[in-house]
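# Results of the structural survey
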Amino acid sequence: MSVLILGSGVVGTTIAYYLAKAGHAVTVVDRQPAPAMETSFANAGEVSPGYSAPWAGPGVPIKAIKWMMMHHSPLVIKPMADPSMWRWSLQMLRNCTEARYAVNKGRMVRLAEYSRDCLRELRDETGIRYDDRAQGTLQLFRTQKQLDGVGKDVEILQQYKVPYQVLDRAGYLQYEPALAAVKEKFVGALRLPGDETGDCFQFTQRLAEMARELGVRFEFGVNIQNIVHQGEKVVGVQTDRGLLTADQYVMALGSYSPQLAKPLGIELPIYPVKGFSITVPITDATQAPESTIMDETHKVAVTRLGDRIRVGGTAQLSGFNLDLEAGRRKTLEFVVTDLFPRGGDVARAEFWTGLRPMTPDGTPILGACRMRNMMLATGHGTLGWTMAAGTGRVIADLISGKTPEISMEGLGVSRYDRARGAVRATGEAGLQSC
C-alpha cells in the first residue's frame, strides 16, 4: 500500500520507518530541506514517560498568575486578538480538575511508557545512537510544598507500575553529584529511573537514513497547499510541485495541522506553545548533569547530551511567532548556572526556539478521523520525542490492519467530538464527564 506522510519531524519520520518495515511504499513530504528542522531540532532532549503529564491540572490557573509575575517566568502570554488562542486557553482551563488530570495523565503515561519500550527495541534492532543515556529524570523541588504535592502523580505512577523514588538531599546527590555545590537550594526530588535522554535531531536524521535504506522517499522543500478530498476520502495533497497521491495519508504536521484539517471538517484543538532552548558546551564534565534535571519552580529541563548541556523550557503563547527573545534566554541561562555553575560556558551557548503543538488536555491526537484514508499523528506538545516511537508503531499497525498493542481509548480526535456534544446537551459541565 502507498502511504504519503505530511511532515518529517521525529513523529513523521518514525512513522515512515515503521511503515516501511511493515512493507508499505512510503513517501514523506516537508517544506524544510532535511528531517527534524523545526520542533524536533533542539528540544530539551528528554525521553520521559514517567514525567508525562498534562499542563492542565488542579491549581494551575492560580499558579499561572504567580508564574507570570516571576522575574524568570516559566509562562509568558502575549496579548493577541487571536480567537483560537483564547478558545484553546478556555478548553485547557476546563481540564484543570483533579478528575480530568488523572484521566489525561493516565492516557499520556500509557502511550509514553509503550513508546519508551518501542524505542529500546528499535535501538537494539538498529544500533542507532544519538547521544543517548538511560539514567532517569530527577525532578527537583525548591520548596517543601512542591515536594508534598507529588502525591497525586505518585498515585498514577503506581497505577501504571512506573518505577519512582522520592529522595531527600542525600538521595538525589547519589545520582547527580554535581548538585552538591548547590544542594541547599533544594529540599528533595522525585526520581524516575526509567526515563532516558538523547538528541532528538540526531535520532531523526539517522532514522531517516535507515528509512531510506528500506525504500522510503523523502521529498524536501515541498510546500503543502491543501488536502483534496471527495466526500470522506482524501484523493490527493496539492503542493507547489503538483498533486501528490497515495492510498493512505498521515498528518504529522505538529502545530500546523489544524490549518490543513479544518477545510476537511476536522477541528483540531491544537495551539502552538513557543518553547526555547540553549545548547551549552561542557567545560567540566564532573560539574555537569549526568542525565536530566527538571527544575520544578522554573519548569526548565537541563539535560546532558554528550559533550553538551541542553537547557529547554518556558512556555509562551504568541501564535506562530518565531522571534528569539533575550528575556527567555536569560531565564535558561539563569537556571543552568544556578544548578551547574561550573559545568558549561553559557557565553558560547546556541539559542533556539520552536513551536510545541499543544492540545488543551495534553494528550496527542492519534488514529482515524472522518477522512477514512487519513490518520492523524499530531498534538504531542512537549512530548513528541518521548512519544514518537510508540506513535510510529501505533500508526503503522492501524494502517496495516493490525490491532495496536496498547488501548487507543481517549487518544483519538473523537474525544473532542464527544466533549462538544456533551456541552451542547448539558452545558459546560458536560466536559467533565467526557
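Everything below is about the structure printed above this text.
Summary of the structure given here. Because the structure is predicted, anything quoted here is derived from the model rather than measured. (Residues numbered from 1 in each chain as written. Predicted model: local features only at pLDDT ≥ 70, side-chain atom pairs only at ≥ 80, totals over all residues. Heavy atoms only, no water.)

## A word on helix 10 (residues 326-339)
Convention followed: In this description a helix means any DSSP run of H or I spanning at least four residues, a strand means any run of E spanning at least two, and both kinds are numbered starting from the N terminus. For a helix, the expected span equals 1.5 Å multiplied by the residue count minus one. Only protein chains enter the area calculation, which uses a 1.4 Å probe; residues under 20% of their type maximum are buried, those over 50% are exposed, and those in between are partly exposed. Arc definition: directions from the helix axis to the C-beta atoms.
The end-to-end C-alpha distance of helix 10 is 20 Å, a good match for the 20 Å that 14 residues give at a rise of 1.5 Å each. Among all positions in helix 10, only Arg328, Thr331, Leu332, Val335, Val336, Asp338 and Leu339 are buried. What you see down the axis of helix 10 is that its buried residues fit within an arc of 165 degrees, all on one side. Counted as exposed and oriented over 90 degrees from the buried face of helix 10: Ala326 and Lys330.

## Things to note about the pairing of strand 13 (residues 248-251)
We apply this condition: What makes two strands pair is DSSP finding at least two bridges between them.
Burial along strand 13 is two-sided: Gln248 and Val250 facing one way and Tyr249 and Met251 facing the other are all buried. Pairing geometry for strand 1 (residues 2-6) and strand 13, over 4 bridges, is parallel. Paired with Leu4 across the two strands is Tyr249, which belongs to strand 13. In this structure, strand 13 lies alongside strand 20 (residues 374-378), joined through 3 bridges in parallel fashion. Counterpart to Met251 in the pairing with strand 20 is Leu376.

## Comments concerning the sheet that holds strand 12 (residues 242-244)
Spelled out, the test is: Here an angle of 0 to 180 degrees is reported between the N-to-C directions of two axes, which are lines fitted to C-alpha atoms, with helices fitted over the stretch in contact.
Pairing is antiparallel in the open sheet, where 3 strands are placed in the order 10-11-12. Each edge of the open sheet is held by one strand with a lone partner, namely strand 10 (224-230) and strand 12. With direction set aside, neighbouring strand axes in the sheet form an average angle of 30 degrees. Bridging between strand 10 and strand 11 (residues 233-239) involves 6 bridges; their strand directions are antiparallel. Its bridge partner being in strand 11, Val228 is matched across the sheet by Gly236.

## A closer look at the environment of Thr39
What counts, and what does not: We call two residues contacting when some pair of their heavy atoms lies within 4.5 Å. Any N or O atom pair separated by 3.5 Å or less is treated as a polar contact, with the protein-specific requirement of one donor-capable and one acceptor-capable atom, and with residues adjacent in sequence counted only for side-chain atom pairs.
Counting through the fold element by element, Thr39 comes out in the loop between strand 2 (25-30) and strand 3 (46-47). Taking relative accessible area as the criterion, Thr39 reaches 30% and is therefore assigned partly exposed. Once the C-alpha coordinates of Thr39 and Trp385 are considered, the two residues, 346 residues apart in sequence, prove to be 9.7 Å apart. Every residue in contact with Thr39, bar those within four places of it in the chain, is listed here: Trp352, Leu355 and Arg356. Within polar-contact distance, the side chain of Thr39 engages the backbone oxygen of Leu355 at 2.7 Å.

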